[in-house]
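# Remarks on the overall topology
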Amino acid sequence: MEFAELIKTPRADNVVLHRPFHPAVEGTLCLTGHHLIFSSRRHDNAEELWLLHSNIDSIEKRFVGSLGSIVIKCKDLRIIQLDIPGMEECLNIASSIEALSTLDSVTLMYPFFYRPMFEVLEDGWSSFLLEQEFEHLSSVTNEWRLSCVNKEFSVCPSYPPVVIVPKSIDDEALRRVALFRYGGRFPVLSYYHKKNGMAMLRSSQPLTGTNGRRCKEDEKLINSTLRSGRRGFVIDTRPLNVAQQARAKGGGFEQEVHYPQWRRIHKYIERFHILQESFIKLVEACNDQSHNMDRWLSKLEASNWLTHIKELLTAACLAAQCIDREGASVLVHGSEGTDSTLQVTSLAQIILDPRCRTIRGFEALVVREWLQAGHPFQQRCAQSAYSNSKQKWEAPVFLLFLECVWQIHRQFPCSFEFNEHFLILLFEHAYASQFGTFLGNNESERAKLKLPQKTMSLWSWVNRPEELSRFQNPLYEANSLVIWPSVAPQSLQLWEGIFLRWNRPSRFLEEAEEERINIIKYNKELQAKVNVLRRQLAEMETDGEVQEEEP
Amino acid sequence: IEHSVEPRVEQVKLLDRFSTSNKSLTGTLYLTATHLLFIDSSQRETWILHHHIAAVEKLPLTTSGCPLVIQCKNFRTVHFVVPRERDCHDIYNSLLQLSRTAKYEELYAFSYNPKQNESEQVKGWQLIDLAEEYKRMGVPNDYWQLSDANRDYKICETYPRELYVPRTASKPIIVGSSKFRSKGRFPVLSYYHKNKEAAICRCSQPLSGFSARCLEDEHMLQAISKANPSNRYMYVMDTRPKLNAMANRAAGKGYENEDNYSNIRFQFVGIENIHVMRSSLQKLLEVSGTRGLSVNDFLSGLENSGWLRHIKAVLDAAVFLAKAIAVESASVLVHCSDGWDRTSQVCSLGALLLDSYYRTIKGFMVLIEKDWISFGHKFSDRCCQLDGDPKEISPVFTQFLESVWNLTEQFPQAFEYNEAFLLQIHEHVHSCQFGNFLGNCQKEREELKLKEKTYSLWPFLLAEQKKYQNPLYNPDFSPELTLLEPNTVSFNFKFWRNMYHQFDRSMHPRQSVLNLIMNTSEQNKQLEEDIKELEAVSITKHVCALVTCSSDYSCYSAANFHLNGSNTADNRYSELASEFSKAEPAVVSLEYGVARMTC
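Residues numbered from 1 in each chain as written. Chains lettered and ligands numbered in written order. Predicted model: local features only at pLDDT ≥ 70, side-chain atom pairs only at ≥ 80, totals over all residues. Heavy atoms only, no water.

### Structural notes on the overall build of chain B
Definition in use: Every helix listed is a DSSP run of H or I at least four residues long, and every strand listed is a run of E at least two residues long, numbered separately from the N terminus. Relative accessibility thresholds used throughout: buried, under 20% of the residue-type maximum; exposed, over 50%; partly exposed, between the two (1.4 Å probe, protein chains only). In this description, contact between two residues means that some pair of their heavy atoms is separated by no more than 4.5 Å. A 1.4 Å probe and the Shrake-Rupley method give the accessible areas. Residues count as covered only by the protein chains that appear here.
For chain B, the helix and strand inventory stands at 22 helices and 14 strands. Scored against the burial criterion, the 599 residues of chain B give a buried share of 59%. Long-range pairs, those at least 24 residues apart, make up 72% of the contacts in chain B between residues at least 6 apart in sequence. In the structure as shown, chain B presents an accessible area of about 24300 Å², 50% of it carried by carbon and sulfur atoms.

Next up, the structure:
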């Protein structure tokens with residue numbers, strides 16, 4: 001297919017661009033296969049806007065006489081308006097944008113066409129291999145092994161080719177366990193707590209059905225992570241009644257009789273459309289500047305967004321507490337094990353593991369616990385908060401995770417190597433990107449699409465020193481402790497960097513942030529200078545002593 | 001210590017009010033003449049000033065003892081469990097008596113002795129000089145003059161002696177106008193904007209009833225608008241909701257009739273009265289004090305309390321006022337009912353938006369002295385300094401501080417002071433430890449001889465101003481006399497956790513960016529000094545080395561310095577750095593307000 005067929009009017013002049021808190025600019029609008037480009041024709045620093053079509057969530061047309069306006073709502077939540085003279089031109093452009101922003105085929109997406117302008121220092125596609133993670137693990141324990149049972153994605157289509165499992169369980173047993181777990185997602189190691197040797201496993205629900213099916217290998221697998229005589233915890237992210245109802249559809253939960261060493265805790269986390277609705281409501285509330293205080297607060301409340309954040313943080317704290325405080329192993333799952341499960345396991349690691357609070361460690365966490373673990377990014381992030389269509393697969397699951405990290409970051413601002421911009425970057429790229437990292441729903445799809453060969457990885461770009469410096473937190477001081485966040489409503493805040501980003505002038509806040517960075521930078525310079533001076537003095541001193549010794 | 005029946009009770013438990021696991025500390029409770037003191041087993045001290053106690057409640061006996069809940073005016077809530085009911089009862093009774101004071105002379109300020117001599121005490125009181133402040137604003141001038149009409153508090157008891165009025169306002173006009181205004185509070189100058197030649201004036205409501213007029217009052221307003229050469233009309237801002245103002249007419253009070261006053265633009269701005277504000281805060285505290293609060297209960301409680309709505313209303317009014325002056329160059333007369341609550345809020349916040357001086361530490365003190373203390377905001381009644389009418393209590397000043405805090409959040413570089421400064425002022429408005437806020441008006445303060453018998457708070461705050469400096473402050477943030485324009489869309493107003501949960505540490509961020517930046521900024525100054533010294537020494541050394549004289553004792557000074565500061569064992573900086581890194585509880589020191597004074 002040629003993009004040219006979709007572009008009826010490739011260029012329009014005298015277009016006026018409106019953005020909140022910016023003066024309107026007149027210029028030329030161009031449409032290419034993947035971008036909407038606006039350029040003011042002013043010679044002095046000409047203003048340009050490059051917008052990926054895939055970043056466009058919805059568009060609206062309005063006409064006043066022959067002047068048409070297109071309101072473009074983006075997945076990063078920004079809203080812009082283009083006034084285009086000429087009704088036909090405006091209609092053409094609108095329909096082109098509509099077509100180009102809703103391409104069906106993944107292989108037509110921009111990452112397949114993007115040619116990087118930077119030198120690749122490290123191929124991000126192989127930056128975070130599970131083999132490396134396992135090597136790290138092997139240095140502290142030999143209770144685990146790397147299994148290639150899923151090499152051809154035949155045992156579990158949503159798992160990566162290699163997984164970490166208890167050493168005592170062989171591949172044959174894993175195949176049998178896979179048949180007992182929804183989607184073949186047998187329990188695998190998510191996190192090993194070096195401090196006390198406890199493990200966090202994740203899986204999908206067991207297929208017990210109504211007649212209480214059991215699977216000895218499954219029991220053996222998870223029991224093998226327990227110290228003798230100790231109990232473990234199953235954290236089920238569904239409420240009890242939902243878990244019970246799941247049995248009628250062949251699903252279920254671990255029953256006490258068959259898992260006597262495990263205590264089951266149901267910690268309910270909302271799913272799919274409920275989250276998507278909440279997201280839409282919150283963005284609506286934030287975008288309306290005319291709300292009086294009561295209306296704003298009641299809209300904020302009605303969105304339930306912060307409730308989801310609190311529930312999620314509470315569940316993650318619970319998992320972390322079981323591991324760190326109770327000294328117990330934990331198995332986390334919901335139904336499919338691809339959404340709420342991953343939220344809980346990845347957040348628990350942020351709390352427990354200082355490595356996950358570094359830039360590289362956090363990237364590794366996203367790769368391991370989200371991409372490789374089979375969170376269906378393509379389905380979940382197909383549309384953002386402005387979508388009108390009622391597709392049921394969209395949900396801001398990953399955004400909620402990022403926001404929870406941000407909430408913890410707010411409470412421990414010195415314990416993270418990255419800053420808020422890094423989290424915002426991940427949010428943006430999960431929804432629309434020139435990189436292939438977040439395309440596809442799992443590793444199997446990515447392999448079929450040959451993404452590592454055909455597209456550039458986000459990590460290749462972001463891990464270059466000049467990019468990385470933008471995402472570093474100047475306050476960072478490595479903190480080896482477990483960080484327990486407060487989940488009191490008074491301690492939680494609206495993530496303004498995402499939700500109010502386009503709704504208020506931010507110049508003063510940005511300047512203040514810059515000043516903070518300057519103070520820290522200046523401190524480092526001064527310390528370096530003092531050290532140099534001292535060394536010089538010390539040298540003079542010894543020189544002087546040598547001279548003094550000469551009579 | 002006449003009230004203390006049993007000045008010391010052991011094995012008392014202090015509960016964490018938000019902990020779900022009933023965490024507690026065990027320790028000993030002491031009752032002194034001024035404070036309640038709790039020392040836990042690890043020797044940590046919790047001091048509670050008797051004057052800070054807003055309410056004491058004895059809960060029903062439990063198996064572990066008798067619970068005693070103390071609520072403080074600085075929003076600290078402590079929950080003790082006393083093993084024996086009799087002890088609990090005794091403490092309860094003692095606290096009830098100790099926290100209620102009948103006479104000003106019994107307040108802490110009259111016994112507080114910071115070991116200053118008399119001249120220091122006098123100098124302390126002279127630190128803030130309002131005459132100097134009016135001079136700074138540019139008055140007296142061709143249009144405004146100092147009036148001696150109230151020199152003996154004859155015209156208005158609750159105003160200060162020295163008042164600035166338009167030159168054309170003669171004494172009969174002043175007297176006539178004051179008779180037509182509630183409590184005699186006639187229109188006077190609160191702030192003069194040099195560049196725009198426009199003024200903020202303040203007064204109380206006119207006694208207009210349904211139709212009464214007063215020519216002198218009309219002349220007074222005319223004099224104010226004529227004192228502004230750049231604009232002939234003036235605004236009259238009635239800060240009350242229209243309905244309240246109309247209801248007042250039935251009592252012979254009311255508001256200005258635009259037909260009777262030439263060139264005025266009359267405007268209601270709808271800030272609620274002290275009673276609404278009191279119950280709003282009560283509701284807010286009930287919500288925020290709930291254990292195991294859900295997000296939605298918190299948000300709906302916040303909404304139902306109306307608290308943020310009121311804060312927004314106050315700030316909206318201030319923005320309206322400041323814009324009238326800065327954009328239209330129009331003078332504005334502000335009033336409410338008596339002109340000492342909402343009027344003080346709006347005038348002081350308006351001036352704060354207009355004039356960057358009030359965004360400095362010293363300037364903020366001046367602003368409070370001027371618009372709150374001297375113009376007779378009834379601190380004693382509003383903060384319940386003496387045992388009195390509970391219906392007079394209202395968090396009007398707290399709202400002012402909260403509005404300022406909201407501004408500091410929006411303009412992080414515009415203010416010389418930080419949040420700790422606002423919290424510390426709030427602390428002392430209620431502590432009755434210093435004389436500044438005692439009493440309801442200047443006349444009363446003079447009668448109490450506060451300047452001889454008590455100390456002023458401001459020099460103490462200035463002495464420790466390092467704690468209150470905003471490390472991000474940029475004095476050039478806004479040029480002199482340019483308007484600060486806050487965004488007052490609802491989502492900008494946040495719950496002030498550090499005010500209402502100042503003492504609930506579990507709710508605070510575990511690492512404070514403010515403290516860290518403050519320390520770093522402070523350390524930078526020290527490092528700059530060190531570099532200067534090192535460079536100086538290095539030059540001396542260099543000379544020494546050239547002279548190569550073994551008997552040159554000038555080298556000794558360098559050697560001394562070497563011993564003092566630069567040997568390798570000295571790791572002052574790395575120590576500081578490690579202090580940051582082990583940040584967990586170490587950096588949490590938001591507990592600014594612990595009343596750690598002598599007792």
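### Examining the sheet that holds strand β3 (residues 35-40) of chain B
Residues and elements named next belong to chain B. For the record, the criterion: Any two strands with at least two DSSP-identified bridges between them are counted as paired. For helices, the axis comes from a line fit to the C-alpha atoms of the stretch in contact; other axes are also lines fit to C-alpha atoms, and the angle between any two N-to-C directions lies between 0 and 180 degrees.
The antiparallel open sheet is built from seven strands, whose spatial order is β4-β3-β2-β1-β7-β6-β5. The open sheet has two free edges, formed respectively by β4 (45-49) and β5 (53-58), since each of these has just one partner strand. Here the strands of the sheet are splayed against their neighbours by 30 degrees on average, with no regard to which way each runs. Of the strand pairs in this sheet, β5 and strand β6 (residues 66-72) are connected by five bridges, and their pairing is antiparallel. Bridged to K58 within β6 is L68. Here helix α1 (residues 85-99) sits on the sheet in contact with β1 (8-15), β2 (24-31), β3, β5, β6 and β7 (77-82), set at roughly 155 degrees to β5.

### What to know about the interface of chain B and chain A
Threshold: Once two parts are joined, some of their accessible surface, as seen by a 1.4 Å probe, is lost; buried area is that loss totalled over both. Criterion for a salt bridge: a side-chain nitrogen of Lys or Arg within 4 Å of a carboxyl oxygen of Asp or Glu. Polar contact is the term for a pair of N or O atoms within 3.5 Å; when the atoms are in protein, one must be able to donate a hydrogen and the other to accept it, and sequence-neighboring residues count only if both atoms are side-chain atoms.
Listed per partner, the contact involves 65 residues of chain B and 58 residues of chain A. Regarding the contact of chain B and chain A, the summed buried area is about 5700 Å², with carbon and sulfur atoms giving 65% of it. Linking chain B with chain A are three salt bridges. K494 of chain B is the partner of E496 of chain A in a salt bridge, and the nearest nitrogen-oxygen pair spans 3.4 Å. Linking chain B with chain A are 17 residue pairs in polar contact (both at pLDDT 80 or more). For the side of chain B that touches chain A, the secondary-structure elements that each account for two or more residues are α8 (295-305), α9 (307-326), α13 (396-410), α19 (513-547), α20 (554-566) and α21 (572-581) of chain B. Element by element, the count of residues in the side of chain B that touches chain A is highest for α19 of chain B, at 18 residues.

### Side note on the nonpolar core
What counts here: Buried Ala, Val, Leu, Ile, Met, Phe, Trp, Tyr and Cys residues that are joined via side-chain atoms within 4.5 Å together make up what is termed a nonpolar core.
Grouped together as the largest cluster of nonpolar side chains are 230 residues, with contacts concentrated most on F362 and F499 of chain A together with F364 of chain B. Looking at which element gives the most residues to this core, the answer is α9 of chain B, with 14 residues. Those residues within four positions of F362 of chain A in sequence are excluded, and the remaining contacts are I350, R355, C356, F401, L402, V405, F418, F422, L423 and L426 of chain A. Formed by 32 residues, the second largest nonpolar core is a distinct cluster that contains L130, W144, A199 and W262 of chain A.

### Remarks on the UniProt feature "domain: Myotubularin phosphatase" (unreviewed entry) in chain B
What counts is decided by this rule: UniProt positions are given in the numbering used here, feature names are shortened, and annotations may be inferred rather than shown by experiment.
On the UniProt side, "domain: Myotubularin phosphatase" (unreviewed entry) is annotated at positions that read residues 124-500 of chain B here. The span residues 124-500 of chain B carries 44% helix and 9% strand; its end-to-end C-alpha distance comes to 31 Å.

### Some thoughts on the packing of helix α9 (residues 305-324) of chain A against helix α13 (residues 397-411) of chain A
For any two helices packed against each other, the geometry is given by the interaxial angle and the distance between the axes. Residue and element names in this part refer to chain A. To keep it simple, the criterion reads: For classification, angles of less than 35 degrees are called roughly parallel, those exceeding 145 degrees roughly antiparallel, those between 65 and 115 degrees roughly perpendicular, and all remaining angles oblique. The classification used treats Ala, Val, Leu, Ile, Met, Phe, Trp, Tyr, Cys and Pro as nonpolar, Asp, Glu, Lys and Arg as charged, and all other residues, Gly among them, as polar.
At their nearest, the axes of α9 and α13 sit 10 Å apart, and the two run at 75 degrees to each other. In terms of orientation, α9 and α13 fall into the roughly perpendicular class. On the side of α9, the interface is formed by W305, L306, H308, I309, L312 and L313, while α13 contributes L399, L400, E403, C404, Q407 and I408. For the contact of α9 with α13, the per-class residue count stands at nine nonpolar, two polar and one charged.

### Thoughts on unusual backbone geometry
All names here are of chain B. Residue P140 is bonded to the preceding V139 through a cis peptide linkage, with omega at 0 degrees. By secondary structure assignment, the location of P140 is in the loop between α3 (130-137) and β8 (144-147). Although it is not a glycine, C432 sits at a positive phi angle of roughly 55 degrees. Mapped onto the secondary structure, C432 falls in the loop between α14 (419-431) and α15 (442-447). One non-glycine residue, K449, lies in positive phi territory at about 55 degrees.

### Let's talk about the pattern of salt bridges
Residues and elements named next belong to chain B. Overall, the coordinates contain 62 salt bridges over all chains when judged by the stated rule. Between D338 and K183 there is a salt bridge, and its shortest N-O distance comes to 3.3 Å. Taken together, the positions of D338 in the loop between β14 (331-335) and α10 (342-354) and K183 in the loop between α4 (171-179) and β10 (188-193) put the pair 155 residues apart, joining distant regions of the chain. Taking the relative accessible area as the measure of exposure, D338 reaches 17% and is therefore buried. Among the ionic pairs, D316 bridges to K312, the shortest N-O distance being 3.0 Å. With a gap of four residues between them, D316 and K312 both fall in helix α9, about one helical turn apart. Classification of D316 as partly exposed rests on a relative accessible area of 27%. Within the structure, one salt-bridge network assembled from shared partners comprises D341, K378, D381, R382 and E392.

### Structural notes on the confidence of the model for chain B
Residue and element names in this part refer to chain B. Applicable threshold: Every residue gets a pLDDT, meaning the predictor's confidence in that residue, from 0 to 100.
In the predicted model, chain B carries a mean pLDDT of 88, and the fraction of residues at 70 or more is 89%. Of the regions scoring below 50 in pLDDT, residues 1-6 engages in nine contacts with residues more than four places distant in sequence or in other chains. For this predicted complex, the interface confidence score (ipTM) comes to 0.93, while the overall pTM stands at 0.92.

### Considerations on the packing of aromatic side chains
Residue and element names in this part refer to chain B. Using the following cut-off: Aromatic rings from Phe, Tyr and Trp, with only the six-membered ring used for Trp, were paired whenever their centres fell within 6.5 Å, and each pair was classed as stacked if the ring planes differed by under 30 degrees, edge-to-face if by over 60, and tilted otherwise. When the NZ atom of lysine or the CZ atom of arginine is within 6 Å of a ring's centre and also within 35 degrees of its normal, the charge is said to sit over that ring.
In this structure the tally under the stated criterion is 64 aromatic pairs over all chains. Taking the centre distance of 5.8 Å and the plane angle of 55 degrees together, the rings of Y357 and Y358 count as tilted. Residue Y357 is classed as partly exposed on the basis of its relative accessible area, which comes to 22%. Ring centres of F364 and F400 lie 5.7 Å apart, and the angle between their planes is 10 degrees; this geometry places the pair in the stacked category. With F364 in helix α11 (residues 361-374) and F400 in helix α13, this pair connects stretches of sequence that are 36 residues apart. Here the two residues F364 and F400 agree in accessibility, since each one is buried. A network of ring pairs unites the aromatic residues F364, W372, F379, F397, F400, F415, Y417, F421, F437, W458 and Y468 as a single cluster. Positioned above the aromatic ring of Y358 is the side chain of R136, whose terminal nitrogen or guanidinium carbon lies 5.3 Å from the ring centre.

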